[in-house]
Amino acid sequence: MKFRPLHDRVLVRRIEQDEKTTGGIIIPDTAQEKPTEGEVLAVGSGVRDENGELQPLDVKAGDRILFGKWSGTEVELDGEDLLIMKESDIMGVLKSAKSSGKKRKAA
């Protein structure tokens with residue numbers, strides 16, 4: 001796929017959630033909500049500040065993010081449903097426990 005978002009926009013692939021609850025109840029497709037977790041596929045170059053300097057985005061390709069339920073614009077690229085959203089629509093970046101680099105001390 002050859003797509004590069006412009007300015008402060010981000011291309012995101014939704015990460016699908018489990019189709020059943022922790023108790024084992026299967027949720028039908030019609031009752032499932034769209035996931036609000038995704039993977040960043042591509043980012044724009046950033047925005048210009050008051051001085052005209054380019055400010056890069058905080059997210060990068062490969063980040064797992066959380067975003068609002070109604071965030072972004074749905075697009076289809078190469079047969080895949082993706083989202084294009086502004087960086088301001090992203091609520092945060094998820095980090096795994098392994099990547100934090102901190103070890104817990106035993107009590």
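Residues numbered from 1 in each chain as written. Predicted model: local features only at pLDDT ≥ 70, side-chain atom pairs only at ≥ 80, totals over all residues. Heavy atoms only, no water.

A. Layout of the overall build of the protein. If you tally the helices and strands in the protein, you get zero helices and eight strands. In sequence order, the secondary structure elements of the protein are arranged as β-β-β-β-β-β-β-β. Residues counted as buried form 23% of the 107 residues belonging to the protein. Long-range contacts, defined as pairs at least 24 residues apart, comprise 62% of the intrachain contacts of the protein with a sequence gap of at least 6. When the accessible surface of the protein is totalled, it reaches about 8,400 Å², and 50% of it is carbon and sulfur. (Helix = DSSP H or I, 4+ residues; strand = E, 2+ residues; numbered from the N terminus. Buried < 20%, exposed > 50% of the residue type's maximum accessible area, 1.4 Å probe, protein only. Contact = heavy atoms within 4.5 Å. Areas by Shrake-Rupley, 256 points an atom, 1.4 Å probe, with all protein chains shown as cover.)

B. View of the pattern of salt bridges. Under the counting rule described, the total for this entry stands at five salt bridges. Here Glu80 makes a salt bridge to Arg13, at a shortest N to O gap of 2.5 Å. You can see Glu80 sitting in strand β7 (residues 80-86) and its partner Arg13 sitting in strand β1 (residues 9-14), a full 67 residues away along the chain. Overall, Glu80 belongs to the partly exposed group, its relative accessible area being 27%. Judged by its relative accessible area of 29%, Arg13 falls in the partly exposed class. (Salt bridge = Lys/Arg side-chain N within 4 Å of Asp/Glu carboxyl O.)

C. Geometry of the pairing of β1. Here β1 runs beside β7; their pairing, made up of four bridges, is antiparallel. Residue Val10 lies in a different strand from β7, and its bridge partner there is Met85. Here five bridges tie β1 to strand β2 (residues 37-43), and the two strands are oriented antiparallel to one another. Residue Val10 lies in a different strand from β2, and its bridge partner there is Val43. (Pairing = 2+ DSSP bridges.)

D. Layout of the nonpolar core. By size, the foremost hydrophobic cluster in this structure holds ten residues: Val10, Val12, Val40, Leu57, Val59, Ile65, Phe67, Leu83, Met85 and Ile90. Those elements giving two or more residues to this core turn out to be β1, β5 (64-67) and β7. Among all residues touching Leu83, those that are not within four sequence positions of it are Val10, Leu11, Val12, Arg14, Phe67, Ser71, Gly72, Thr73 and Glu74. (Core = buried A, V, L, I, M, F, W, Y, C linked by side-chain atoms within 4.5 Å.)

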